[in-house]
Amino acid sequence: MSDVPVLLVLDLLGTFAFALNGALVAVRVARVDLVGVVTLGIITGVGGGIVRDVLLDALPPASFRDGRYLAAAAAGGVLAFLFGRGLQRFQRPIDVLDAAGLGLFAVTGAGKALALGAGPAQAVILGVVTAVGGGTMRDVLVRRVPVVLTSELYAIPALVGATLAVLAAAGGVDEVLGAPAALGAALACFAVRMVGLHYGLDAPRPPGAWDAGARADDPDR
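What you see as residue numbers is a count from 1 along each chain, following the sequence as written. In view of the model being predicted, local features appear only for residues whose pLDDT reaches at least 70, and side-chain atom pairs are presented and counted only at 80 or more, with totals across whole chains, interfaces and linings using the full set of residues. Only hydrogens and water are removed before side-chain values are computed, so all heavy atoms of the structure are retained for them.

Undergrad: Just to check I follow, could you spell out the nonpolar core for this structure?
TA: Where a protein is soluble and globular, its nonpolar side chains tend to be buried together. Definition used in this section: a nonpolar core is a set of buried Ala, Val, Leu, Ile, Met, Phe, Trp, Tyr and Cys residues joined via side-chain atoms within 4.5 Å. Working definition: with a 1.4 Å probe on protein chains only, accessible area under 20% of the residue-type maximum means buried, over 50% means exposed, and in between means partly exposed. Counting residues in each nonpolar core, the largest one holds 20 residues, and the members touching the most others are Leu56, Leu102, Ala113, Ala131, Val132, Ala158 and Ala162. Helical segments are the DSSP runs of H or I of at least four residues, strand segments are the runs of E of at least two, and each set is numbered from the N terminus. Among the elements of the structure, α5 (91-115), α6 (120-141) and α8 (155-170) are those that each provide at least two residues to this core. A per-element tally of this core places α6 first, with 6 residues.

The following block contains the structure:
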């Protein structure tokens, strides 16, 4: 899928948005220098894809074979370092780009897994890993419980997008529609994520597991 020019451009934009958002989070929650901010941005932007490729034995990972991915991720990290405080005013547009990247990563990750022989269930899982893996690695490195496991509707939209992409492939829809089928699955992920952001929705939690005070202590809230 990433060989299609439109999807490649969008994929690179998603990588940039992931890195930018990830680096901004790092600036807020950890005391890190230039190297730390840029490194955490790059990890957020390409970490999920690296994990996917390692699990699929597709080595070296795509981000090491195509320097444009690392360049896009590094640009996001540098921008966050230089203009982090000012960029906080544009958090909503950044969130929109991040949501678009989430959908594209989930779909392209699932598509690559299928292309390399993974089963449908495994492809869905790897699509989600591609979408949320980088942010999870970032959170572990800054010593906090990954946000994707504790708050925000994030993994579920990725699951929706990856599942729709796999179903389209199984039904032969992607062979007929090509890129529009992939974009449709990514758009579904994007829509669910944006609804969650707009209404402040979180994934369901065990009854009584968290109270309002615990939420107030969340550095991303």
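Next comes the rest of the account.
Undergrad: Hey, could you run me through unusual backbone geometry in this one?
TA: Most peptide bonds adopt trans geometry, and most residues besides glycine take a negative phi value. Following Leu59, the chain continues to Pro60 via a peptide bond in cis, the omega torsion being -10 degrees. Phi is positive for Asp57, close to 60 degrees, though the residue is something other than glycine. Tracing the sequence through the fold places Asp57 in the loop between α2 (34-55) and α3 (62-65). A positive phi is found at Arg143, a non-glycine position, where the angle reads about 60 degrees.

Undergrad: Is there a simple way to explain the environment of Pro146 in this structure?
TA: Summarising the element assignment, Pro146 is placed in the loop between α6 and α7 (147-150). Accessibility expressed as a relative area gives 9% for Pro146, which makes it buried. Remark: the alpha-carbon pair of Pro146 and Thr136, spanning 10 residues in sequence, is separated by 5.2 Å. Those residues within four positions of Pro146 in sequence are excluded, and the remaining contacts are Thr136, Asp139 and Val140. Contact between two residues is taken to exist if any of their heavy atoms lie within 4.5 Å; hydrogens are not considered.

Undergrad: Teacher, can you tell me more about the packing of α6 against α8 here?
TA: Angle between the axes and distance between the axes are the two parameters that describe a pair of packed helices. Two numbers describe how α6 lies on α8: the axes approach to 8 Å, and their chain directions differ by 140 degrees. Considering their axes alone, α6 and α8 lie oblique with respect to each other. Judged by the sense of rotation from one axis to the other, the crossing of α6 with α8 is right-handed. Between α6, through Pro120, Ala123, Val124, Gly127, Val128, Ala131 and Val132, and α8, the contact on the second element is made entirely by Ala155, Ala158, Leu159, Ala162, Thr163 and Val166. Here the term charged refers only to Asp, Glu, Lys and Arg, the term nonpolar to Ala, Val, Leu, Ile, Met, Phe, Trp, Tyr, Cys and Pro, and the term polar to all other amino acids, Gly among them. Looking at the contact of α6 with α8, its residues break down into 11 nonpolar, 2 polar and no charged. To obtain an axis, a line is fitted to C-alpha atoms, over the contacting stretch when the element is a helix, and the angle between two such axes runs from 0 to 180 degrees between their N-to-C directions. Small angles under 35 degrees read as roughly parallel and large ones over 145 as roughly antiparallel, with 65 to 115 read as roughly perpendicular and the rest as oblique. Less than a right angle of anticlockwise turn of the near helix away from the far helix marks a crossing as left-handed, whereas a clockwise turn marks it as right-handed.

Undergrad: I tried to follow the pattern of salt bridges on my own but got confused; where do I start?
TA: Side chains that differ in sign of charge can pair as their charged atoms come close. When a carboxyl oxygen of Asp or Glu lies within 4 Å of a side-chain nitrogen of Lys or Arg, that pair is called a salt bridge. All chains considered together, the criterion is met by 5 salt bridges. For Asp139, the salt bridge goes to Arg138, with nearest N and O atoms at 2.9 Å. As a salt-bridge pair, Asp139 and Arg144 come within 3.0 Å of each other at their nearest N and O atoms. Here the two residues Asp139 and Arg144 agree in accessibility, since each one is buried. Here the salt bridges do not stand alone but share partners, grouping Arg52, Asp53 and Lys112 into one network.

Undergrad: Looking at this structure, how should I read α5?
TA: An α-helical segment advances 3.6 residues per turn. Residues three or four places apart therefore align on the same side. Every helix has an expected span of 1.5 Å times one less than the residues it contains. Between its first and last C-alpha, α5 extends 35 Å over 25 residues, near the 36 Å set by a 1.5 Å rise per residue. Counting buried positions over the 25 residues of α5 gives 18, a clear majority of the element. Following α5 by one or two positions, Gly117 adopts a phi angle in the positive range, close to 100 degrees.

Purely geometric stuff here, so don't read any function into it on its own.
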